[in-house]
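# Survey of secondary and tertiary structure
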Amino acid sequence: MIISRQFPHLALVAALLSLGCGVQAQAQPDPVRAEIRRTSFGVPHIRAADERGLGYGIGYAYAQDNLCLLANEVLTVNAERSRYFGAQGQTPEQRDNLASDVFFSWLNSPEAVAAFWQAQTPALRERMQGYVEGFNRQLLERRAQGLPEQCQGDWLRPLTSADLVKLTRRLLVEGGAGQFVEALALAAPPGDAAQAALSPRQWQLAASRQQAFALDRGSNAVAVGGERSFNGRGLLLANPHFPWVGGMRFYQMHLTIPGQLDVMGAALPGLPLINIGFNQHLAWTHTVDASKHFTLYRLQLDPKDPTRYLLDGRSLPMQRQVVTVQGKGADGSVQPQSRTLYSSVFGPVVQWPGELDWNRQYAYSLRDANLDNSRVLAQWYAMNQAGSVTDLQDRVHRLQGIPWVNTLAVDDQGRALYMNQSVVPNVTQAKLAQCSDPRAGTQVIVLDGSRSACAWDIDPAAAQPGIFAASQLPQLARNDYLQHANDSAWMVNPAAPLQGFSPVISQQDVPLKMRARFALERLGRMQQIRAADLLHMVSDNQVYLAGLVMPDLLQFCAQDLGADARQLARLCGSLASWDRSAGLHSGLGLVYFQSIMQPLLQSPDIWRVAFDARDPQHTPRGLAIGREPVARALRAAMLAAAQEVDAAGLADDVRWGQLQQVSRGGRPTPVPGGPESLGVYNAIQSVPGDDGKREVVSGTSYLNVVSFDEHGPRALGLLAFSLSSDPASAHFRDQTEAFAANQWQALPFTEAQIRADGQYQVQRIQEPRREPESMLAQ
């Protein structure tokens, strides 16, 4: 059962005051100082003597590169988009502003924000407050110089510590409630006019965004232990696939407090620490996991009132919360708009027409495990300071603050580790058997909300009530290799299958993603693995699926195609000459192949050799072109692909780099890679544009390969979309161009390496001395 905890009134007031002003009422005898050294591609190496100074440097550097991006995200998490851009406007994720504002008003209530802040350690608060002060100083400087075009408006304001909390809470629910924005904001009892607030097309778009979550936020990772690495030390590939715009866009940086912290890597917007990276002895990365981080509860409603539900035979009223946001109308006036949100003891009521309907018999509540995860920042703070794989594992077990990702890590002693140690609802296999409808499957877990016995179990050993304890979650230490590409934990290493877990945690005996099969095939062929081998896994852009089905496609082309022969001649010729990769110079065959396979992959019956759980690395494979239904579907897909290419006017000699691009800033840059569904390890998601071109929206983001020698880490990497989101910056597309040219860069880590960099620059910033101020006077 969910337990409601009342936040003490006086503590709430104090927390809100400190959040609003971003400072504590204490004397500051010395001004805050930080040093920002920039190397190639503008990567900042930030050094300070203490936590506040480090945060000051991080916030200042981030604002130099991404002032408007963060300001826009702050507007979103503060539920103010409708006020400034109109209720019918859209967020960067193409959500209606009104639905977004209602959702974030619910998520980031003053009580929830204050409680999260109070849960942070003094060191983290210092760093966050320093971040706020550094960002605001750069904002003042930019105002004086002239603001970038994309954030000129009355909506731009100084940052507060509360904003950083709200950004973090937004990150927490990305794997859960964040996928139900419209479903939560627009849920209404039957007969309520609010049920028609979104058109069928808008609901369809919302469903598409939800389905695309795994594509936009995927990842590859390989951790090589001493038995297989070239020098007996750990070797790591980090290849997260994240959005190229918005609040999930990584930022590259190096953080140092001499004698206390020295860590380099990438962080998400508003986070003053490293999410993925390395230090002197350890390197780690994350992959989006396949675990469930929320469950739905089907409520049995009181026949007399659809806003009451039955629990253990008792009729209980749903709690009602009126959320009011300010909306700007066509005439420029700002008017309040209110929505009533409903919730049960399990969580908020959500509604999805045709899927999760709220009628007079049933409604659905959502419970997200990460809503109670106030440990997330402390978790990465602790990971940044870990000195070995064993130390990292201990820190993760103790805090259990990782929200919805796996962790793979190596150290300089040759140890490799995989952990699925995220926050997972404690729903055992036995509870699923008792409380879920087997017809619903396990894609989304729906539990019986009419019985309190179906609430999540509580394990005293877990870091929070209602989640699995660390000891109950999958983990595997090896000295050869471990890999992960967004499947379950089952086949991280086939020599030691991870199995027997609740389906809420990990599933077995299910087909692997093509990227995982590609990785297992490559790693199985290598004996002494070098950094270059891991680089090549990404950069050769092999389309793994092509190796499984192209012989059948070409055989089908060689058959008598009858009346369709002429129309398919160009397609078949392009397939035959295609190099079976998604590189910049790959030909038209890739376009045809993608168009053919996308509809075919929707059916599990296309395979010549079906999936076999005893051989998951090699099945399914081949197209069953000898079966009439498959042959008919293939012919239809080929004809549709041919028509699509003809309609786009693509020439025979067109190359993939001419089609797949990122055009931000007005100058297109070609981008290699392709859809993860085709088994392209360098997974890039792009959407159709004009003239057959495709605009990149997500995919390979922070690329990093780390090895170790007797002197410490040796890292190569790139930030595929570049450091800055400001088109006027010199670092807006420089790394994107390097990514297109496959020019991975050595990442300077030691003082000697930093100072030897050809683009080395140093900036020292200092906060003006201030007199102590009364907090209540703020």
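First, a word on what this report is: a plain description of the structure on this page.

What counts as what
Residues numbered from 1 in each chain as written. Predicted model: local features only at pLDDT ≥ 70, side-chain atom pairs only at ≥ 80, totals over all residues. Heavy atoms only, no water. Buried < 20%, exposed > 50% of the residue type's maximum accessible area, 1.4 Å probe, protein only. Helix = DSSP H or I, 4+ residues; strand = E, 2+ residues; numbered from the N terminus. Pairing = 2+ DSSP bridges. Axes fitted to C-alpha atoms, helices over the stretch in contact; angles between N-to-C directions. Parallel < 35°, antiparallel > 145°, perpendicular 65-115°, else oblique. Left-handed = near helix turned anticlockwise from the far one by under 90°. Contact = heavy atoms within 4.5 Å. Nonpolar A, V, L, I, M, F, W, Y, C, P; charged D, E, K, R; others polar.

### Comments concerning the pairing of strand S27 (residues 702-709)
With eight of its eight residues buried, S27 lies for the most part within the structure. Where strand S4 (residues 235-243) and S27 come together, four bridges link them in antiparallel fashion. Counted as the bridge partner of Leu236 is Val706 from S27. Pairing of S27 with strand S28 (residues 712-719), which is carried by eight bridges, proceeds in the antiparallel orientation. Looking at the pairing, Tyr702 lines up with Leu719 of S28.

### Points about the packing of helix H6 (residues 122-145) against helix H7 (residues 161-172)
Contact pair H6 / H7: the axes reach a minimum separation of 9 Å and the direction vectors enclose 110°. What the angle tells us is that H6 and H7 run roughly perpendicular. As for how H6 packs across H7, the hand of that crossing is right-handed. On the side of H6, the interface is formed by Met128, Gln129, Tyr131 and Val132, while H7 contributes Ser161, Leu164 and Val165. When the residues that make up the contact of H6 with H7 are grouped by side-chain class, the tally is five nonpolar, two polar and no charged.

### Focus on the pairing of strand S3 (residues 218-224)
With respect to burial, S3 is a largely interior element, seven of its seven residues being buried. Neither face of S3 is open: one carries Gly218, Asn220, Val222 and Val224, the other Ser219, Ala221 and Ala223, and all of them are buried. Bridge analysis of S3 against strand S20 (residues 481-484) gives four bridges, and the strand direction is antiparallel. Residue pairing for S20: Ala221 is matched across the bridge by His484.

### Some points on the sheet that holds strand S16 (residues 405-411)
Taken together, 10 strands build an open sheet; the order of strands is S19-S17-S16-S8-S7-S6-S5-S2-S1-S30 and the sheet is mixed. Here the strands that pair on one side only, and so sit at the sheet edges, are strand S19 (475-478) and strand S30 (761-766). Ignoring strand direction, the axes of neighbouring strands in this sheet form an average angle of 15°. Pairing of strand S8 (residues 282-288) with S16 involves seven bridges; the strand directions are antiparallel. Directly across from Thr287, in S16, lies its bridge partner Asn406. Relative to the sheet, helix H11 (residues 376-384) contacts strand S6 (261-267), strand S7 (276-279), S8 and S16, its axis offset from that of S8 by approximately 145°.

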